[in-house]
Amino acid sequence: MNKLLSLVLIFAFVACNSSSDSSNNGDNGNGGGPNGPSAVVDKDLELVTNITQNVVSPKVESFVNYASILAGSVQAGCGGEAQKVSNLRVIWKSAMMDFHYLEAIPFGPLSDNNASLKRNLYSWPDQAAGTVVEVQIEKLNKNPEKYKFKESRMAGKGLDAFEYILFAKLNNNDVLDGASEVCPYMGLIADDLYKTSQDFKKLWQDELDYVASPDGQTSLKKYMSEITTSLYFADKNLKDRKIAAPLNIPTSLGLSCDSGVNCHEYLEHSYSLLAKEAIVQNMQALTDVITGFSQKSKTVGFGYKDYLKELGADDSVVSFSSKVGSSINSWEKLPSGEEFYESVKNYSTTDCSDGTLCSSYKALQQVTTWMKKDFISTLNTGLPGSVQGDND
């Protein structure tokens, strides 16, 4: 059975049981009491609305804005209005960090159609960007009249292609102008990034319109299932792929390497050296959805933590949700850039004191274990298939 459909059916089952209990108990719709399942039905809309409008929407707007500025700046530079590469790097980083926030809660457009939109914007863990971009630049510059932009090869466009050009092909003190050999190809990927980001903007607005529509209002359990499922990016994608693999910690992904030799090659952002920052943004998104925090307004709305309270969850379950945020602090304190990459190369489990990679990994591991046990069992949804049997 389809994973999402399974979640939907379970949510529907809970909702139906709540309604049945309410009528059988003669409690005028209050179900099993103030903290019973039926009391939460009215909170479904509050949770979905806050997450979509106040947590995710501002980041979508910010990402689209920075992606548009980046594309426009490249076009301006290659059109004769010289642009400092240092400035382009800053703009790219802003767009990239917004993307990492959004990829960690990939419901809606970023998960639709086998995540094709997401992969058009950023194709990691495909690490072929450098090779693909070099080949495409050579082909285009050699025979521009016959060149056709290969839209199907994700690694040759999007944010990862920009990263390779800005951090490997160009130096920080360079200036991008019409004479730059990278301009013809950068112009193409700039156009593509602008178009894809605008598609994202439209699709996200369609998502908001759906949630506010009568059909959306009657499908809140389905939507909550999708949001809940998206949170488990923190397990396989973040904990296992982005962190455990480079540290040579065994996982169900089956990736292997030689510690101290090539494990660091599994790290993200080998050109800009922003792997740690990407991890922090992933964790921040998870934290904000659970707490209901909006990065734009800096206010706390209704999040999963509040939803757990409405379900009558044990205090220990609710209080642990605060550790999701505190685990970010341990990662933020780690060194950045080349120092971080060196610490990954020299990773050791013999030192797991505070402030080490080992302790930071274990802090995240505790969070994902909580998510796969107390958190999900309280929500009565069952584990998403991708994390079943992996209660590490």
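Everything discussed here concerns the structure shown above.
Residues numbered from 1 in each chain as written. Predicted model: local features only at pLDDT ≥ 70, side-chain atom pairs only at ≥ 80, totals over all residues. Heavy atoms only, no water.

1. Thoughts on the packing of helix α3 (residues 85–103) against helix α6 (residues 158–169)
Reasoning step 1: The geometry of α3 relative to α6 is characterised by a closest axis approach of 10 Å and an angle of 150° between their N-to-C directions. Taken together, the axis directions place α3 and α6 in an arrangement best described as roughly antiparallel. The handedness of the crossing between α3 and α6 comes out as left-handed. Across the interface between the two elements, Val 85, Leu 88, Arg 89, Trp 92, Ala 95, Met 96 and Phe 99 from α3 touch Leu 159, Phe 162, Glu 163, Leu 166 and Phe 167 from α6.
Reasoning step 2: Classifying every residue of the contact of α3 with α6 by side-chain character gives 10 nonpolar, no polar and two charged. (Axes fitted to C-alpha atoms, helices over the stretch in contact; angles between N-to-C directions. Helix = DSSP H or I, 4+ residues; strand = E, 2+ residues; numbered from the N terminus. Parallel < 35°, antiparallel > 145°, perpendicular 65-115°, else oblique. Left-handed = near helix turned anticlockwise from the far one by under 90°. Contact = heavy atoms within 4.5 Å. Nonpolar A, V, L, I, M, F, W, Y, C, P; charged D, E, K, R; others polar.)

2. Notes on the nonpolar core
Reasoning step 1: Formed by 102 residues in total, the largest nonpolar core has its most connected members in Phe 63, Tyr 304, Trp 331 and Phe 340.
Reasoning step 2: A per-element tally of this core places helix α2 (residues 37–78) first, with 12 residues. (Core = buried A, V, L, I, M, F, W, Y, C linked by side-chain atoms within 4.5 Å. Buried < 20%, exposed > 50% of the residue type's maximum accessible area, 1.4 Å probe, protein only.)

3. Some points on the state of the cysteines
Reasoning step 1: According to the stated counting rule, one finds three disulfides in the structure shown.
Reasoning step 2: Each sulfur of the disulfide joining Cys 352 and Cys 358 lies 2.0 Å from the other. Torsion about the S-S bond of the Cys 352 and Cys 358 cystine: about -85°, corresponding to left-handed handedness.
Reasoning step 3: Of the residues examined, Cys 352 reaches a relative accessible area of 31% and is grouped as partly exposed.
Reasoning step 4: Using a relative accessible area of 3% as the deciding quantity, one classes Cys 358 as buried. (Disulfide = S-S within 2.5 Å.)

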